[in-house]
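Residue strings, one per chain:
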Amino acid sequence: ADSFDLLVARESADPTGLPRILILDAPGAALVTLRLSVPVDPGVDPTPAAPILRRLALNRIEGTAATLGAPVEAGASAAALSYPVTGALVDLDHLAFILRQATAMPLASEGFAAARGELEAELARIGETGEGRVEAELRARSNPAEASITEVRERIRRLTFPDLEAVWRATHDPERMTLVVVGDVATPVLLAALSGLGTERRPDPPSAPLPPSPPVRDRPDILRQWHGFAWRSAPTFDPRAVVTAALAARQLRDERDGYEAYVRLWEGRSHDVLAVVGSAYASDAAALRRRLQALPTTLAAGVDEASVRSVVRRLQWNVLSQARTPWGRANLVGRFLETGAAPDAARRYVDALTALTAADVRAYLEALAADDPIAVREGS
């Protein structure tokens, strides 16, 4: 069979009170991978709560997973939290129990105060560096409908456990979740194992609410000038975007001259964002700014079939290597499905990637160059 068929999910069931279930067939496999996605809506409340929910879920499931010897993760994308777990098919009930633990109602005693503090510290560290500040500002301005980094930091500082619980109730409805299964599992057996996702638990005894943290005033120590530019393109998960990012990274590596620069590709809910960020001392800063801002134009002028095919082959190899393991297949296909995409979305992505030509990439770059980029500067 064509190896790309590994990327096509089979719609198995959409039962009342349970997640949408999609199967990636693995006949006769002794292992099974379950990947559960919990959609998280954009907004000032869910955005800071989601990483804390993820941390508390990981605290709950790590012990059970270690006992089983089952690899487990708590991931996040622009659209959802995800919980992939792999284990022996005979342990299916135990693997489903891990997912029940992951999606259960959080308790303050499971480490809410520590999780809030860790997240605040991470965001404070971002605010102390030039690259962190530029990236955060670019991301915020390229997604104006979503909460800004300033709003998120202020919300986290004041986030109480009842706030977190309210977000959990709004997001952890089993019927909104998506489960990707890689393995040889009969649907009735799977349905029986999955009852109890997103369950309420007896809350902790009443206690004094966690007070707001003191405001943090960033004190960045920036010796060089930092510049960043970002371009938006729709739809999201456009293979031209990832090829362009790879070509841009190669060009920036090849032409370094008195500055350092790198590329970011952020896949969002409705559009991709291609960003370039760089730093230089004052004498080279103007040249850096001009080169970064002109990147789509200069890249388009140099794109040829050989460079595009080289990048496409490498990306294809990465995708198909990932698809050779149950864990990799579940995560690869699941990231498309959690956006509401069709069961063959991963396959169609790879087909579109395979068919890309230099003309396609050039057209994409010319469209980027036609728009004014979002520009951010930090440092003197």
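Keep in mind it's a predicted model, so treat the numbers as computed, not measured.

Along the backbone of the protein there are 14 helices and 10 strands. Computed over C-alpha atoms, the radius of gyration of the protein comes to 23 Å, within 12% of the 21 Å expected from 2.2 N^0.38 for 380 residues, which places it in the range of a compact globule. The dimensions of the protein, computed from C-alpha atoms along their principal axes, are 65 × 60 × 30 Å. Each of the 380 residues in the protein was classed as buried or not, and the buried ones make up 49%. For the protein, the share of sequence-separated contacts (at least 6 apart) that also reach a separation of at least 24 residues comes to 82%. For the protein, the exposed surface amounts to about 17400 Å²; the carbon and sulfur share of it is 53%. For the protein, the separation between the mean place of its 43 positive charges and that of its 49 negative charges on side chains is 3 Å.

With that out of the way, let us pick up helix 3 (residues 112–126). Note on helix geometry: an α-helix contains 3.6 residues per turn, so any two residues three or four positions apart are oriented the same way. Given a rise of 1.5 Å per residue, 15 residues ought to cover 21 Å, and the 21 Å separating the end C-alpha atoms of helix 3 matches this to within 8%. Of the residues making up helix 3, those classed as buried are F112, A115, R116, L119, E120, L123 and A124. Buried residues along helix 3 sit in contact with helix 1 (46–68), helix 5 (149–158) and helix 6 (161–171).

Here helix 8 (residues 239–254) crosses helix 13 (residues 345–354) at 50°, and the two axes come no closer than 9 Å. Taken together, helix 8 and helix 13 sit at an angle that is classed as oblique. Where helix 8 crosses over helix 13, the handedness of that crossing is right-handed. Contact with helix 8, carried on its side by P239, V242 and V243, involves Y349, A352 and L353 of helix 13 and no other residues of that element. Residues that form the contact of helix 8 with helix 13 fall into these classes: 6 nonpolar, no polar and no charged.

As judged from the 9 bridges shared by strand 8 (residues 259–267) and strand 9 (residues 272–280), these two strands associate in the antiparallel manner. Within the sheet, the bridge partner assigned to A261 lies in strand 9 and is G278.

Below, the discussion takes up the packing of aromatic side chains. Counted according to the given criterion, the structure contains 3 aromatic pairs. Consider the rings of F112 and F161, whose centres lie 5.5 Å apart with planes at 75°: the pair is edge-to-face. With a gap of 49 residues between them, F112 in helix 3 and F161 in helix 6 connect regions that are remote in the sequence. Here the two residues F112 and F161 agree in accessibility, since each one is buried. Members of the aromatic cluster, connected to one another through ring pairs, are F237, F336 and Y349.

The next point concerns the sheet that holds strand 8. Spatial ordering of the open sheet is given by 8-9-7-10, a layout of 4 strands whose pairing is antiparallel. Each having just a single partner strand, strand 8 and strand 10 (374–378) make up the two edges of the open sheet. In this sheet, neighbouring strand axes are inclined to one another by 15° on average, regardless of whether the strands run parallel or antiparallel. Set on the sheet, helix 9 (residues 282–293) makes contact with strand 7 (225–233), strand 8 and strand 9; between it and strand 7 the angle comes to about 5°.

Rules used in this analysis
Residues numbered from 1 in each chain as written. Predicted model: local features only at pLDDT ≥ 70, side-chain atom pairs only at ≥ 80, totals over all residues. Heavy atoms only, no water. Helix = DSSP H or I, 4+ residues; strand = E, 2+ residues; numbered from the N terminus. Rg over C-alpha atoms; globule rule 2.2 N^0.38 Å. Buried < 20%, exposed > 50% of the residue type's maximum accessible area, 1.4 Å probe, protein only. Contact = heavy atoms within 4.5 Å. Areas by Shrake-Rupley, 256 points an atom, 1.4 Å probe, with all protein chains shown as cover. Lys, Arg positive; Asp, Glu negative; His and termini not counted. Charge placed at Lys NZ, Arg CZ, Asp CG, Glu CD. Expected span 1.5 Å × (residues − 1). Axes fitted to C-alpha atoms, helices over the stretch in contact; angles between N-to-C directions. Parallel < 35°, antiparallel > 145°, perpendicular 65-115°, else oblique. Left-handed = near helix turned anticlockwise from the far one by under 90°. Nonpolar A, V, L, I, M, F, W, Y, C, P; charged D, E, K, R; others polar. Pairing = 2+ DSSP bridges. Phe/Tyr/Trp six-rings, centres within 6.5 Å; stacked < 30°, edge-to-face > 60°.

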